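A look at the structure
These are the residues of each chain, in order.
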Amino acid sequence: SYGVIALTATGWGIDDRTRERMLAGSAPAEEVSKGYSSAVRAAGQAGGRLRVESVSGDSLTFRIYLQHIARGALAGL
């Protein structure tokens with residue numbers, strides 16, 4: 001079971017080629033923020049994942065999927 005946080009920017013987006021290079025980790029820093037790889041790592045360490053959806057020239061959406069934590073599990077934090 002996962003919770004989702006979605007962040008969307010409208011009015012621009014990335015093309016499919018840049019998106020694929022970004023997901024593969026081969027896009028240069030000029031094309032993709034270095035923060036993306038940090039966000040992927042953070043989501044993974046939390047047991048979740050990050051997805052990127054884009055329509056070139058229209059929108060860019062980041063969806064962060066995080067596992068639900070049982071209420072009792074938070075008692076030790």
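Let me sum up the structure you'll find in this document. Computed from a predicted structure; not experimentally measured. (Residues numbered from 1 in each chain as written. Predicted model: local features only at pLDDT ≥ 70, side-chain atom pairs only at ≥ 80, totals over all residues. Heavy atoms only, no water.)

Topic: the pairing of strand β3 (residues 59-67)
We count it as follows: Only strands that DSSP links by at least two bridges are regarded as paired with each other. Strands here are runs of E lasting at least two residues and helices are runs of H or I lasting at least four, both read from the DSSP assignment and numbered beginning at the N terminus.
Taken together, the nine bridges between strand β1 (residues 2-10) and β3 define a ladder with antiparallel strand orientation. Bridge pairing in β3 places Thr 8 opposite Thr 61. Pairing geometry for strand β2 (residues 49-55) and β3, over seven bridges, is antiparallel. What sits directly across from Ser 54, in β3, is Leu 60. If you look at the hairpin formed by β2 and β3, you'll find three residues sitting between the two strands, and Gly 57 has a positive phi there, around 80 degrees.

Regarding the side chain of Ser 54
Keep this limit in mind: Polar contacts, as counted here, are pairs of nitrogen or oxygen atoms within 3.5 Å of one another; within protein the pair requires one atom able to donate a hydrogen and one able to accept it, and residues that are adjacent in sequence qualify only if both atoms are side-chain atoms. Throughout, a contact is declared for two residues whenever any of their heavy atoms are within 4.5 Å.
The topology assignment puts Ser 54 in strand β2. Polar contacts involving the side chain of Ser 54 include one to the main-chain amide nitrogen of Ile 14, which spans 2.7 Å. Separated by 3.1 Å, the side chain of Ser 54 and the backbone oxygen of Ser 59 make a polar contact. Aside from chain neighbours lying at most four places away, what touches Ser 54 is Gly 13, Ile 14, Ser 59 and Leu 60.

Topic: helix α1 (residues 16-24)
Using the following cut-off: Three labels apply to residues, based on accessible area from a 1.4 Å probe with only protein chains included: buried if under 20% of the type maximum, exposed if over 50%, partly exposed otherwise in between. Arc definition: directions from the helix axis to the C-beta atoms.
For α1, the set of buried residues is Thr 18, Arg 19 and Met 22. Taken end-on, α1 shows its buried residues confined to a sector of 100 degrees, consistent with a single buried face. Projecting away from the buried face of α1 at angles above 90 degrees are the exposed residues Asp 16, Arg 17 and Ala 24.

What about the packing of aromatic side chains?
Applied cut-off: Aromatic pairing here means that ring centres of Phe, Tyr or Trp (its six-membered ring) are within 6.5 Å. Orientation follows from the plane angle: under 30 degrees is stacked, over 60 is edge-to-face, and everything else is tilted. In our convention, an over-ring charge means Lys NZ or Arg CZ found within 6 Å of a ring centre and within 35 degrees of that ring's normal.
A complete count under the given rule lists zero aromatic pairs for this structure. Across the ring face of Tyr 65, the terminal group of Arg 49 is positioned such that the distance to the ring centre comes to 4.7 Å.

Digging into the sheet that holds β3
Whenever strands of a sheet pair, they do so through backbone hydrogen bonds, lying parallel or antiparallel. Put simply, the test is: Lines fitted to C-alpha atoms define the axes, with helix axes restricted to the stretch in contact, and inter-axis angles between N-to-C directions lie between 0 and 180 degrees.
The antiparallel open sheet is built from three strands, whose spatial order is β1-β3-β2. Edge positions in the open sheet fall to β1 and β2, since each of these has one partner strand only. Each neighbouring strand pair of the sheet contributes to a mean axis angle of 15 degrees, computed without reference to strand direction. The strands touched by helix α2 (residues 35-45) are β2 and β3; relative to β2, the strand with the most contacts, the crossing angle is about 140 degrees.

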